[in-house]
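Below are the chains, spelled out letter by letter.
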Amino acid sequence: MHTPLYSLVEAAVPAGPSVTLTRLHQLNFLLTGIFTTICNQIIFNHGGADQSTFLLSLPTYLGMLLIIIFPEARQDLPVNVSHGSILGTSVVDVLANILCVYGLQLVGSGMFQVLYASVVCWAALMTKFFLAKRVSAWQWIGIMIVVVGLGTTSLGGHVHNKQVQGALGDEDTVHVFFGVAVTLLGCMGYASSYVLGEHLLHSHPTLPPQRLCVQVGSLGCMLLACYFTTHTIPKWEVLVTQSIERKGGHYGMISLLYVGLVCSSLLHNWAHFFLLRNTGAVSTGVLQSLRSIGVFVVSGVLFCEDNHMQCMTTLKSVACLLVSCGVLVYS
């Protein structure tokens, strides 16, 4: 008897000689994605990631850089691969990551992950118009169901704001709506990165996915290092030390979580670039929608008491169901 999660993952796997390997990568992608989002929220709640430090972006690109442990990642770039196209893909990915990390801290992991499911919608539109790939009628219907689910999530957040007005206040409400806008913009960026990555890997069959991953990770680390040396490190006492003390966090636990994020990023991006080549940008986006279900439920259990925006409500549950149905219809 297959579990529901196993069946959903299996439904999205294309037929072919690498079905088992693809299924394992999809499960890896889902589980590490859920782990990463929850860890990010815990670190933020304990003061280990002020919004302006962008420390939460670092594990992502360190993990991508560590893909270099795989032999394929150390191969020379094919001569016909444009360095400019790799640079463009990397810059888009870094900007999208920064926007999504910032949005996560404003809206909380529960709402963030459902909003993040919109990646599939943007990816479908972009592959249709820029890669001229055909999206079937049933796939479009599934995507539209996901869109309705996302709209229900936003409505649920607005209604819940009214119900807990005394706890949140007008300023917090503005932050949440701003966070929704920032997150959706980041999702558009991630979809662009997916499509650019798929185009690169498909137009250059000799380019190993691991090699592209290391290139993106290298640039991400360099850009973040520049930002850290000019902003985060000079203000470390105020932005990090005092923030941790103010929120009652512990350096040991936060450091351990950051190490866990780096390891999770390595596994997650190993799967991500494999899936871009073998299933495409849209199918990878569909998995992001499925990932939202796990994060949504776990966030409601872990964070509701400290942040009312994380609590499960009727509308949020309906949104969760709609996104799941949209994924099934698409698959």
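Structure: see above.
Residues numbered from 1 in each chain as written. Predicted model: local features only at pLDDT ≥ 70, side-chain atom pairs only at ≥ 80, totals over all residues. Heavy atoms only, no water.

(A) View of the overall build of the protein. Secondary structure assignment for the protein yields 13 helices and 0 strands. In the protein, the succession of α and β elements from N to C terminus is α-α-α-α-α-α-α-α-α-α-α-α-α. For the protein, buried positions account for 53% of its 331 residues. Considering only residue pairs separated by 6 or more positions, the protein has 85% of its internal contacts joining residues 24 or more positions apart. Of the roughly 14400 Å² of accessible surface on the protein, 70% is carried by carbon and sulfur atoms. (Helix = DSSP H or I, 4+ residues; strand = E, 2+ residues; numbered from the N terminus. Buried < 20%, exposed > 50% of the residue type's maximum accessible area, 1.4 Å probe, protein only. Contact = heavy atoms within 4.5 Å. Areas by Shrake-Rupley, 256 points an atom, 1.4 Å probe, with all protein chains shown as cover.)

(B) Here's a closer look at the environment of Val295. Structurally, Val295 can be placed in helix α12 (residues 281-303). As a C-alpha pair, Val295 and Phe112 span 183 residues in sequence and 9.1 Å in three-dimensional space.

(C) Representation of the environment of His231 within the structure. Along the chain, the position of His231 falls in helix α9 (residues 209-232). Taking C-alpha positions, His231 is 8.6 Å from Ser52, a pair spaced 179 residues apart along the chain. Leaving out residues up to four positions away in the same chain, His231 has contacts with Ser52 and Leu239. Within the structure, the side chain of His231 is placed 3.4 Å from the side chain of Ser52, a separation counted as a polar contact. (Polar contact = N/O pair within 3.5 Å; in protein donor to acceptor, adjacent residues only side chain to side chain.)

(D) Geometry of empty space enclosed by the protein. Evaluated as defined, the whole model comprises 2 cavities of 30 Å³ or more. Computed from the structure, the largest cavity encloses a volume of approximately 390 Å³. What lines the largest cavity is a set of 23 residues, among which Thr60, Asn97, Tyr116, Tyr190 and Arg291 lie closest to the centre. Elements supplying a minimum of two residues to the lining of the largest cavity: α2 (19-45), α3 (58-65), α4 (83-107), α5 (109-116), α8 (165-203), α11 (251-278) and α12. Classifying every residue of the lining of the largest cavity by side-chain character gives 11 nonpolar, 10 polar and 2 charged. (1 Å grid on protein atoms, 1.4 Å probe; cavity = no way out; pocket = protein on both sides within 12 Å on 5 of 7 lines; lining within 4 Å. Points joined across faces, edges and corners; volume = space filled by probe spheres on them. Nonpolar A, V, L, I, M, F, W, Y, C, P; charged D, E, K, R; others polar.)

(E) Up close: the packing of α3 against α11. Contact geometry of α3 with α11 gives a least axis separation of 7 Å together with a crossing angle of 55°. One way to sum up the angle between α3 and α11 is to call them oblique. The interaxial crossing formed by α3 with α11 has right-handed handedness. Contacts between α3 and α11 pair Pro59, Thr60, Leu62, Gly63 and Met64 from the former with Tyr258, Leu261, Val262, Ser265, Leu266, Asn269 and Phe273 from the latter. Of the residues assigned to the contact of α3 with α11, the class counts are 8 nonpolar, 4 polar and no charged. (Axes fitted to C-alpha atoms, helices over the stretch in contact; angles between N-to-C directions. Parallel < 35°, antiparallel > 145°, perpendicular 65-115°, else oblique. Left-handed = near helix turned anticlockwise from the far one by under 90°.)

(F) Highlighting helix α10 (residues 236-246). Among the residues of α10, those classed as buried are Leu239, Val240, Thr241, Ser243 and Ile244. For α10, the angular spread of buried residues about the axis comes to 160°, placing them on one side. Relative to its buried face, α10 has exposed residues pointing more than 90 degrees away, namely Val238, Glu245 and Arg246. Those residues of α10 that are buried are in contact with α9 and α11. (Arc of directions from axis to C-beta.)

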